[in-house]
Amino acid sequence: MSKQPKLTVVGAGPGDVELITLKAIKTLKQADVVLYDALVNPELLEHVNPMAEMIFVGKRRGCYRYQQEQINELIVARGHSHGHVVRLKGGDPFIFGRGAEEMEYAAEHGLLVEMVPGISSSLAVPAYQNIPLTKRGDSESFWVITGTTKQHKLSTDVALAAKSNATVVVLMGMGKLSEIVALFKQEEKNELPVAIIQNGTTPQEKIGIGTVETIEEVVAESQLSNPAIIVLGSVVKHREQLLNLQEEVALKAVV
């Protein structure tokens, strides 16, 4: 008897292998096929059913192993031939991860579909650097915006976000950093704190802290590049404040 074709889209989290849910691990153990992306920590593949077929479908340095249309077709083909396909994607697949598109395509072609949420890098990466996206008396809301749209342009939402008092998190925006900075300067926010975090929650993590005025220099000096997250907002100061408090306590303990 053939298995019911099914797709489960699973969020792998931001990079730290411990930031994946128990439900996600359980799903990997039940998979017949796993299609995984470049941003997925390879250690997570140790949890996959040893009998499952594993296929890398991600991209590295702009080079695509599969185009999105091919991935969609592969999901459907393997679903009908093997049964349970798990699509393992970095972060949360519903946050700029195209998980919704893949589920729609699979459903249209007769597969059952299910979603296992992941911890989004937009939340976890700043948190690992002690940067809260909201803080009472400091920030009442936050925007999460893609830096590069389908048309390869900067999202127009960045200009709107720059006018607000919210914390602004930009994903996939390093190539548009000059444009982002220019929009915040137009709103006279030259001194607004900015953090850029590369390879967040992994051993390769790097961070640069500056302001709208100085962040491009910081990026050049620290040689920061993708994959990175840009955080703009007064909450960035919380990181330094916390470090200072810890140093003060440590000095008092020595005295």
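Residues numbered from 1 in each chain as written. Predicted model: local features only at pLDDT ≥ 70, side-chain atom pairs only at ≥ 80, totals over all residues. Heavy atoms only, no water.

1. Description of the packing of helix α2 (residues 68-82) against helix α3 (residues 99-108)
Now for step 1: Two numbers describe how α2 lies on α3: the axes approach to 9 Å, and their chain directions differ by 45°. As the angle between them shows, α2 and α3 are arranged oblique. Crossing geometry of α2 relative to α3 is assigned as right-handed. Two secondary-structure elements touch here, α2 through Gln68, Ile71, Asn72, Glu73, Ile75 and Val76 and α3 through Glu102, Tyr105 and Ala106.
Now for step 2: For the contact of α2 with α3, the per-class residue count stands at five nonpolar, two polar and two charged. (Axes fitted to C-alpha atoms, helices over the stretch in contact; angles between N-to-C directions. Helix = DSSP H or I, 4+ residues; strand = E, 2+ residues; numbered from the N terminus. Parallel < 35°, antiparallel > 145°, perpendicular 65-115°, else oblique. Left-handed = near helix turned anticlockwise from the far one by under 90°. Contact = heavy atoms within 4.5 Å. Nonpolar A, V, L, I, M, F, W, Y, C, P; charged D, E, K, R; others polar.)

2. Thoughts on the side chain of Asn72
Now for step 1: Within the secondary structure, Asn72 sits in helix α2.
Now for step 2: Excluding residues that lie within four positions of it along the chain, Asn72 makes contacts with Glu102 and Tyr105.

3. Here we look at α2
Given 3.6 residues per helical turn, the α-helix brings residues three or four places apart onto the same face.
Now for step 1: Here α2 is 15 residues long and its end C-alpha atoms lie 20 Å apart, about the 21 Å a rise of 1.5 Å per residue gives.
Now for step 2: Considering only its buried residues, α2 is in contact with β1 (6-11), β2 (33-36), β3 (53-56), β6 (84-89) and α3.
Now for step 3: Where α2 ends, the next residue or the one after it, Gly83, has phi of about 120°, a positive value. (Expected span 1.5 Å × (residues − 1).)

4. Overview of the packing of aromatic side chains
Now for step 1: Evaluated as defined, the whole model comprises one aromatic pair.
Now for step 2: Considering the side-chain rings of Tyr36 and Phe56, the 5.6 Å spacing of their centres and the 55° angle between planes classify their relative orientation as tilted. Taken together, the residues span a long stretch of sequence, with Tyr36 in strand β2 and Phe56 in strand β3 at a distance of 20 residues.
Now for step 3: Its relative accessible area of 12% is what places Phe56 among the buried residues. (Phe/Tyr/Trp six-rings, centres within 6.5 Å; stacked < 30°, edge-to-face > 60°. Buried < 20%, exposed > 50% of the residue type's maximum accessible area, 1.4 Å probe, protein only.)

5. Some remarks on a nonpolar patch on the surface
Now for step 1: The grouping of Ile95, Phe96 and Met172 at the surface amounts to a nonpolar patch, some 260 Å² of accessible area in total.
Now for step 2: Along the polypeptide, Phe96 turns up in the loop between β6 and α3.
Now for step 3: For Phe96, a relative accessible area of 41% puts it in the partly exposed group. (Patch = residues over 30% accessible without salt bridge, like charges linked within 9 Å, V, L, I, M, F, W, Y side chains within 5 Å. Areas by Shrake-Rupley, 256 points an atom, 1.4 Å probe, with all protein chains shown as cover. Salt bridge = Lys/Arg side-chain N within 4 Å of Asp/Glu carboxyl O.)

6. Side note on the sheet that holds strand β12 (residues 228-232)
Now for step 1: Here five strands make up an open sheet; going across it, the order is β8-β9-β12-β10-β11 and the pairing mixed. Each edge of the sheet is formed by a strand with only one pairing partner; in this case those strands are β8 (142-146) and β11 (206-211). Direction aside, the axes of adjacent strands within the sheet are offset by 15° on average.
Now for step 2: For β8 and strand β9 (residues 167-171), the ladder comprises five bridges, and the chain directions are parallel. Across the sheet, residue Val144 finds its bridge partner in β9, namely Val169.
Now for step 3: In this fold helix α4 (residues 121-128) packs onto β8, β9, β10 (193-198) and β12, with an angle of close to 75° to the strand it touches most, β12. (Pairing = 2+ DSSP bridges.)

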